[in-house]
Every structure is written in structure tokens, then in C-alpha cells.
Amino acid sequence: QVQLVESGGGLVHPGGSLRLSCAASGRIFSISAMNWYRQAPGKQREFVASFMWGGRTNYADSVKGRFTISSDNVKNTVYLQMTSLKPEDSAIYYCKTPGSSSWGPGTQVTVSS
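So, here's what we can say about the structure. (Residues numbered from 1 in each chain as written. Predicted model: local features only at pLDDT ≥ 70, side-chain atom pairs only at ≥ 80, totals over all residues. Heavy atoms only, no water.)

1. A word on the sheet that holds strand S9 (residues 91-96)
Consideration 1: If you walk across this open sheet you meet the 6 strands as S2-S10-S9-S4-S5-S6, and the pairing is mixed. One side of each edge strand has no neighbouring strand; the edge strands of this open sheet are strand S2 (10-12) and strand S6 (57-59). Sheet twist, expressed as the average angle between the axes of neighbouring strands with direction ignored, equals 20°.
Consideration 2: Relative to strand S10 (residues 107-111), S2 runs parallel, the two being bridged by 3 bridges. Its bridge partner lying in S10, Leu11 is registered against Thr110. (Pairing = 2+ DSSP bridges. Helix = DSSP H or I, 4+ residues; strand = E, 2+ residues; numbered from the N terminus. Axes fitted to C-alpha atoms, helices over the stretch in contact; angles between N-to-C directions.)

Put into C-alpha cells, the structure is as follows:
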């Protein structure tokens with residue numbers, strides 16, 4: 001069982017930046033990829049970004065060019081660097097591995113003036 005804990009969310013002004021972290025513990029060796037998702041009130045959960053073994057990345061069109069996903073294997077942590085934040089980026093952000101069927105608590109990101 002892999003345990004994932006999201007952190008780094010908070011309140012930021014439009015145009016600002018935040019870096020989210022996803023710390024992994026447990027059966028870390030089983031992780032081959034890490035994905036970020038987000039869900040805003042009244043909207044479906046949507047894919048944001050993915051980091052795959054080998055360093056390949058993928059981004060949703062809505063965040064491409066503004067968000068960057070990266071990993072630190074020493075710290076067993078995946079990051080989501082978010083820049084040029086917009087109010088529509090406000091949501092609860094979740095990290096998830098493909099092999100997991102459950103969701104963690106996520107971390108709240110609020111972009112507001």
C-alpha cells in the first residue's frame with residue numbers, strides 16, 4: 001500500500017505561484033508514475049499533469065506552459081510548480097498513482113484577489 005500526502009496549498013493572488021508537494025511512503029518501489037488531478041466545486045475531477053518513470057511528462061491543455069511537474073527521488077516526493085495562477089485554477093489538488101483506487105485528502109488552492 002502506497003500512502004500519499006499532499007501539501008503546499010494555500011491562498012495566492014492571480015498571477016502568483018505555488019509549489020505543491022506529494023510525499024510518498026510505503027511500497028514506494030511499486031510507483032511507476034504520479035499524476036496530479038484537481039476538482040473545483042460543481043465540477044468534475046480533471047487531470048492536471050503526470051510524471052512517468054523515465055522522466056516523461058504530460059499536461060492538460062489548461063495548464064500547459066504554466067505548471068511543471070517534477071520529482072525528487074531522494075525525498076520520495078513529486079512536486080507541482082504552479083505559476084501565473086488564475087482564479088479558475090482554484091480547486092482541491094490531489095496526487096495519485098495509477099495503481100491506487102482511492103483518493104487522499106488533497107490540498108486546497110485558492111486563487112483570489
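2. A short note on the sheet that holds strand S7 (residues 67-72)
Consideration 1: Spatially, 4 strands are ordered S1-S3-S8-S7 in an open sheet, and the strand pairing comes out antiparallel. At either end of the open sheet lies a strand with only one pairing partner, and these are strand S1 (2-7) and S7. Averaged over all neighbouring strand pairs, the angle between strand axes comes to 20°, with direction disregarded.
Consideration 2: Across 6 bridges, the pairing between S7 and strand S8 (residues 77-82) is antiparallel. The residue bridging Asp72 from the neighbouring strand is Thr77, located in S8.

3. With respect to the packing of aromatic side chains
Consideration 1: In total, this model carries 3 aromatic pairs according to the counting rule given.
Consideration 2: Look at Tyr37 and Trp103: their rings are 5.1 Å apart centre to centre, the planes differ by 85°, and that puts the pair in the edge-to-face class. With a gap of 66 residues between them, Tyr37 in strand S4 (residues 33-39) and Trp103 in the loop between S9 and S10 connect regions that are remote in the sequence.
Consideration 3: The interplanar angle of 75° and the centroid separation of 5.8 Å between the aromatic rings of Tyr94 and Trp103 together place this pair among those described as edge-to-face. (Phe/Tyr/Trp six-rings, centres within 6.5 Å; stacked < 30°, edge-to-face > 60°.)

4. Let's talk about the environment of Ala24
Consideration 1: Position of Ala24 among the secondary structure elements: in strand S3 (residues 18-26).
Consideration 2: Taking the C-alpha atoms as reference, Ala24 lies 9.9 Å from Lys96; in sequence the two are 72 residues apart.
Consideration 3: Apart from the residues within four sequence positions on either side, Ala24 is in contact with Gln3, Leu4, Ile31 and Asn76. (Contact = heavy atoms within 4.5 Å.)

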